[in-house]
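# Fold and geometry: a report
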There are 2 protein chains.
Amino acid sequence: MELPVFYAKGLSPEAASYTMDEPTSKHCVQVLRRENGQQVLLANGIGQKFTAVITDDNRKRCTVQIQQQETVPAPTPQLHIAIAFTKNASRMEWFLEKATEIGIQSIIPLITHRTEKEKFKTERLENILVSAMLQSQQYYLPQLAAPTAFEQLVQQHQAVQRFIAHCLPDQKTPLQEVMLPGKDTLLLIGPEGDFTPEEVVAALAKGFQPVSLGNTRLRTETAGMVGAVLMKMS
Amino acid sequence: MELPVFYAKGLSPEAASYTMDEPTSKHCVQVLRRENGQQVLLANGIGQKFTAVITDDNRKRCTVQIQQQETVPAPTPQLHIAIAFTKNASRMEWFLEKATEIGIQSIIPLITHRTEKEKFKTERLENILVSAMLQSQQYYLPQLAAPTAFEQLVQQHQAVQRFIAHCLPDQKTPLQEVMLPGKDTLLLIGPEGDFTPEEVVAALAKGFQPVSLGNTRLRTETAGMVGAVLMKMS
């Protein structure tokens, strides 16, 4: 039977033992009924996978002894999505879960001319990323960047391939036709109401390639998810 | 400015006028504040797009005069997804919305050995399909089939290309590599816990090709959505 995997934030590859935080301890001991002597897996979200045995099945501070540690190779290429968050928080939370499951390495909330002002419940969003990472059996936690202004990102991001998905009637190529496999990639997804023409022009001037994500009009979070699939599967 | 599009179920191409149902009338007259003399678009979900003018802005029975009718070409190829619904209804509702936005033509709830018994709120699901069709500016409503037993579907479905996405360690090819563009296609997506080996064998015996949807473990609804993107973009 598959061993359960728990998140062990900050757990160092050299550690000999680890004590889970309270929610994780509760999940392990109370919900999954794990007891002393039983094995579990731990993921620190930066590539290490630990096999451990429970030495104190305390429901608030479950402690385990590390038996074995392996480093999972980092996913390549690095895939980044910068997306204008919608005012509907649950749709963006859904996007974070799906982008993580699909295997995107970083998500950058994009502040655009038409972006709704929005407070981020960062801890809640981090928990969504962690659950999705564990659920999809990955060992690298996607990075959730601080909200970044469009101009700043377009000026500074260093990805080898850079794309902007917009709905203006300009010439665009389907993402899957221009995406070169194996290269670090950034995709920009606009807000409801799209990027402004000025934003699109600014991105093209910086060498972004304009792409389309199919022939239907997609919601912001759907566009992000479609882009994630097309980047990952190229 | 873009005209709003409303769903006009059963509206015949020959009709000269149409009276919206109560929720649609309320949306048109009360929410969007449309008045007599203003134009709206109507979609009957089977390919006809109507331009009409409001002649009675009654908030319960809004009536319009049809000015013009055009038939939008049917999408080809026909893409079908048969998916084992999870017990979490909101995840399947989410899948229906996304599959519609992406442009899938039919969704078949699949009853498998490991499918949770589940009642469908058919009317609620139909409304999700309608909203997603209108929102994504399409004119064909995806068909939501009656729940179908795995054996029956595998025996009877006539799609030219037929794929089964499963997690058993057998030989599988990434869907995007075997999918031939332009052909009617059916993709089977299993339940939480996957298809049984017997179900996979039965499908292969009927000529289904085993496919993978990437190298991470996906939730049922995520797998369905990833499959939808890969079929649509091939």
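All values reported here derive from a predicted model rather than from experimental measurement. (Residues numbered from 1 in each chain as written. Chains lettered and ligands numbered in written order. Predicted model: local features only at pLDDT ≥ 70, side-chain atom pairs only at ≥ 80, totals over all residues. Heavy atoms only, no water.)

We now examine the packing of aromatic side chains. Scanning all chains against the criterion turns up 5 aromatic pairs over all chains. Ring geometry for F85 of chain A versus F120 of chain A: centroids 4.9 Å apart, planes at 85 degrees, classification edge-to-face. With a gap of 35 residues between them, F85 of chain A in the loop between β6 (79-83) and α2 (89-102) and F120 of chain A in the loop between β7 (106-111) and α3 (122-135) connect regions that are remote in the sequence. Given the relative accessible area of 5%, F85 of chain A is considered buried. Residue F120 of chain A is classed as partly exposed on the basis of its relative accessible area of 27%. Sitting over the face of the ring of W94 of chain A, K98 of chain B holds its NZ or CZ atom 5.1 Å from the ring centroid. (Phe/Tyr/Trp six-rings, centres within 6.5 Å; stacked < 30°, edge-to-face > 60°. Helix = DSSP H or I, 4+ residues; strand = E, 2+ residues; numbered from the N terminus. Buried < 20%, exposed > 50% of the residue type's maximum accessible area, 1.4 Å probe, protein only. Lys NZ or Arg CZ within 6 Å of the ring centre and 35° of its normal.)

Much of the literature gives interface size as the accessible area that the parts lose upon coming together. All names here are of chain A. Assigned domains within chain A: domain 1 (5-71) and domain 2 (79-233). Of note, the centres of domain 1 and domain 2, computed from C-alpha atoms alone, are 33 Å apart. Taken residue by residue, the interface counts 12 residues in domain 1 and 6 residues in domain 2. In total, domain 1 and domain 2 occlude about 730 Å² of area from one another, counting both sides; carbon and sulfur atoms represent 70% of this. Of all residues in domain 1, the largest losses of buried area upon contact with domain 2 belong to V5, Y7 and G45, amounting jointly to 56% of the total for that side. Where domain 1 touches domain 2, the interface holds 0 salt bridges. Linking domain 1 with domain 2 are 2 residue pairs in polar contact (both at pLDDT 80 or more). Those elements that provide at least two residues to the side of domain 1 that touches domain 2 are β1 (5-7), β3 (39-43) and β4 (48-56). (Domains from an automatic or database assignment. Contact = heavy atoms within 4.5 Å. Buried area = accessible area lost by both parts, 1.4 Å probe. Salt bridge = Lys/Arg side-chain N within 4 Å of Asp/Glu carboxyl O. Polar contact = N/O pair within 3.5 Å; in protein donor to acceptor, adjacent residues only side chain to side chain.)

Bringing the side chain of T63 of chain A into the picture now. Relative to the assigned elements, T63 of chain A resides in strand β5 (residues 63-71). Every residue in contact with T63 of chain A, bar those within four places of it in the chain, is listed here: Y18, T19, V53, I54, T55 and D56 of chain A.

Further remarks concern the UniProt feature "domain: Ribosomal RNA small subunit methyltransferase E PUA-like" (unreviewed entry) in chain A. Look at the UniProt record and you will see "domain: Ribosomal RNA small subunit methyltransferase E PUA-like" (unreviewed entry) annotated at residues 22-66 of chain A. Across residues 22-66 of chain A, helical content stands at 22% and strand content at 40%; the span's end C-alpha atoms are separated by 19 Å. (UniProt positions renumbered as here; feature names shortened; annotations may be inferred.)

Moving on, we come to the pattern of salt bridges. A full pass over the atoms with the stated rule returns 18 salt bridges over all chains. Taking the shortest distance from any N to any O, the salt bridge between E221 of chain A and R91 of chain A comes out at 2.4 Å. Here the residue E221 of chain A occupies a position in helix α7 (residues 220-233), and R91 of chain A occupies one in helix α2, the gap between them amounting to 130 residues. Residue E221 of chain A is classed as buried on the basis of its relative accessible area of 1%. A relative accessible area of 19% means that R91 of chain A is categorised as buried. Where R217 of chain A meets E2 of chain B, a salt bridge forms, and the shortest distance between an N and an O atom there is 3.4 Å. Here E2 of chain B lies in the segment before β1 (5-7) and R217 of chain A lies in the loop between β13 (209-212) and α7, a pairing that spans two chains. Salt bridges linked by common partners bring R91, R219 and E221 of chain A together with E97, K98 and E101 of chain B together as one network.

Before going further, it helps to examine the pairing of β13 of chain A. Residue and element names in this part refer to chain A. Here strand β10 (residues 161-165) runs beside β13; their pairing, made up of 3 bridges, is parallel. When the bridges of β13 are listed, A165 appears paired with V211. By the bridge criterion, 2 bridges tie strand β11 (residues 173-174) to β13 in an arrangement that is parallel. What sits directly across from T173, in β13, is V211. (Pairing = 2+ DSSP bridges.)

This part takes up the sheet that holds β4 of chain A. All names here are of chain A. The strand order across the open sheet built from 5 strands is β1-β3-β4-β5-β2, with neighbouring strands paired in mixed fashion. Two strands lie at the open edges of the sheet, namely β1 and β2 (17-19), each paired on one side alone. In this sheet, adjacent strand axes meet at a mean angle of 40 degrees when their direction is disregarded. Bridging between β1 and β3 involves 3 bridges; their strand directions are parallel. Its bridge partner lying in β3, F6 is registered against L42. (Axes fitted to C-alpha atoms, helices over the stretch in contact; angles between N-to-C directions.)

So, about the interface of chain A and chain B. At the junction of the two partners, chain A supplies 27 residues and chain B supplies 27 residues. Between chain A and chain B lies a buried interface of about 2,300 Å² when both sides are counted; carbon and sulfur atoms form 53% of it. Of all residues in chain A, Q135, R217 and M233 of chain A bury the most surface against chain B, accounting for 27% of the area lost on that side. Linking chain A with chain B are 8 salt bridges, by the criterion used here. A salt bridge links E97 of chain A to R91 of chain B, with the nearest nitrogen and oxygen atoms 2.8 Å apart. Taken together, the connections running from chain A to chain B amount to 20 residue pairs in polar contact (both at pLDDT 80 or more). Elements that contribute at least two residues to the side of chain A that touches chain B include exactly α2 and α7 of chain A. The leading source of residues in the side of chain A that touches chain B is α7 of chain A, at 8 residues.

Let us now look at the relation of the copies chain A and chain B. Least-squares fitting of chain A to chain B yields an RMSD of 0.0 Å, with the transformation described by 0.0 Å of translation along the axis and a rotation of 180 degrees. Such a turn and shift between the copies fits a two-fold axis. When the interface residues of chain A are mapped onto chain B, 100% of them are again interface residues, pointing to one common binding face. (Least-squares fit on C-alpha atoms with pLDDT ≥ 70 in both.)

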